[in-house]
Amino acid sequence: GAGVSQTPSNKVTEKGKYVELRCDPISGHTALYWYRQSLGQGPEFLIYFQGTGAADDSGLPNDRFFAVRPEGSVSTLKIQRTERGDSAMYLCASSLNQGTPGFFGPGTRLTVL
Amino acid sequence: GDSVTQMEGPVTLSEEAFLTINCTYTATGYPSLFWYVQYPGEGLQLLLKATKADDKGSNKGFEATYRKETTSFHLEKGSVQVSDSAVYFCALSGGGGSNYKLTFGKGTLLTVNP
């Protein structure tokens, strides 16, 4: 596709459940980023991939959060034992090489009931 | 750590009015500064950037100048249009090290009425 896509656009789950959020970056982009945006706040960095490896996962809030990018393209953000505080918009972005991203995807809005 | 403070919204203007959205930052070192825009129903996109002091970033009639002495990067446009209605985010990177990790302000909602 022309831009970064994310699926699903909305996800409602119950406390304690496991969720996966998918990001399809722009074709050929080696760098991929995940951010989280809570209501009324700016996005906050979660993790950065260069190729298949997580070059910086310092923003992941705790060990319930994990992300993979096994083939260096699509990435999946995985959240175990979801909590109400995990409710937020999860944003993905990509760039050709390491550096600040030009375009973000439209996001996945996660609601934990 | 690094932080960005931007003018709280919402900001409501009439078409052709002058726009200023204030942004100040706190960072170690020499960060790069950015404005991102989020149009309704779309993802964030980079509007403009400046990488060193006194640089001016510009795009689509918007401008912002990197002022190190006042640690500011205010966004301006001389004549706004209805199509400029969006949320605007000021951001920085590279202040404390990494050049890929963005620190964002809270965003400012701009509504332009015809």
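These numbers come from a predicted model, not from an experiment.

## Thoughts on the sheet that holds strand β9 (residues 75-77) of chain B
Residues and elements named next belong to chain B.
Thinking step 1. If you walk across this open sheet you meet the 4 strands as β3-β9-β8-β7, and the pairing is antiparallel. In the strand order of this sheet, the two ends are held by β3 (19-21) and β7 (56-59), each with one partner. In this sheet, adjacent strand axes meet at a mean angle of 15 degrees when their direction is disregarded.
Thinking step 2. Note: β7 against strand β8 (residues 62-65), 4 bridges, orientation antiparallel. Bridged to S58 within β8 is E63.

## As for the interface of chain A and chain B
Thinking step 1. The interface is formed by 21 residues belonging to chain A together with 15 residues belonging to chain B.
Thinking step 2. Summed over both sides, the interface between chain A and chain B buries roughly 1500 Å², with carbon and sulfur atoms accounting for 57% of that surface.
Thinking step 3. On the chain A side of the contact with chain B, P43(A), T100(A) and F104(A) bury the most area, a combined 30% of that side's loss.
Thinking step 4. Between chain A and chain B we count 1 salt bridge in total.
Thinking step 5. Measuring nitrogen to oxygen at the nearest pair gives 3.4 Å for the salt bridge that ties D56(A) to K101(B).
Thinking step 6. Connecting chain A to chain B are 6 residue pairs in polar contact (both at pLDDT 80 or more).
Thinking step 7. Going through the elements one at a time, β4 (31-37), β5 (44-50) and β10 (103-104) of chain A are the ones with two or more residues in the side of chain A that touches chain B.
Thinking step 8. Considering every element that reaches the side of chain A that touches chain B, the biggest residue donor is β4(A), with 3 residues.

## As for unusual backbone geometry
Thinking step 1. Look at the link from T7(A) to P8(A): it is a cis peptide, with omega at -10 degrees.
Thinking step 2. Relative to the elements of secondary structure, P8(A) occurs in the loop between β1 (5-7) and β2 (10-13).
Thinking step 3. The omega torsion across G9(B) and P10(B) is -5 degrees, close enough to zero to call that bond cis.
Thinking step 4. Inspection of the secondary structure puts P10(B) in the loop between β1 (3-6) and β2 (11-14).
Thinking step 5. Positive phi values are uncommon outside glycine, yet E16(B) reaches one of about 80 degrees.
Thinking step 6. Mapped onto the elements of the fold, E16(B) is located in the loop between β2 and β3.
Thinking step 7. E16(B) sits in the exposed class, given a relative accessible area of 60%.

## A closer look at the packing of aromatic side chains
Thinking step 1. What the rule picks out here adds up to 13 aromatic pairs over all chains.
Thinking step 2. Where F104(A) meets Y36(B), the ring centres are 5.8 Å apart and the plane angle is 85 degrees; that geometry is what we call edge-to-face. In this pair, F104(A) sits in strand β10 while Y36(B) sits in strand β5 (residues 32-38), so the two residues belong to two different chains. Here F104(A) and Y36(B) have matching classes, each one buried.
Thinking step 3. Members of the aromatic cluster, connected to one another through ring pairs, are Y33(A), Y35(A), F45(A), Y48(A), F104(A), F34(B), Y36(B), F89(B), Y100(B) and F104(B).

Calculation rules
Residues numbered from 1 in each chain as written. Chains lettered and ligands numbered in written order. Predicted model: local features only at pLDDT ≥ 70, side-chain atom pairs only at ≥ 80, totals over all residues. Heavy atoms only, no water. Pairing = 2+ DSSP bridges. Helix = DSSP H or I, 4+ residues; strand = E, 2+ residues; numbered from the N terminus. Axes fitted to C-alpha atoms, helices over the stretch in contact; angles between N-to-C directions. Contact = heavy atoms within 4.5 Å. Buried area = accessible area lost by both parts, 1.4 Å probe. Salt bridge = Lys/Arg side-chain N within 4 Å of Asp/Glu carboxyl O. Polar contact = N/O pair within 3.5 Å; in protein donor to acceptor, adjacent residues only side chain to side chain. Buried < 20%, exposed > 50% of the residue type's maximum accessible area, 1.4 Å probe, protein only. Phe/Tyr/Trp six-rings, centres within 6.5 Å; stacked < 30°, edge-to-face > 60°.

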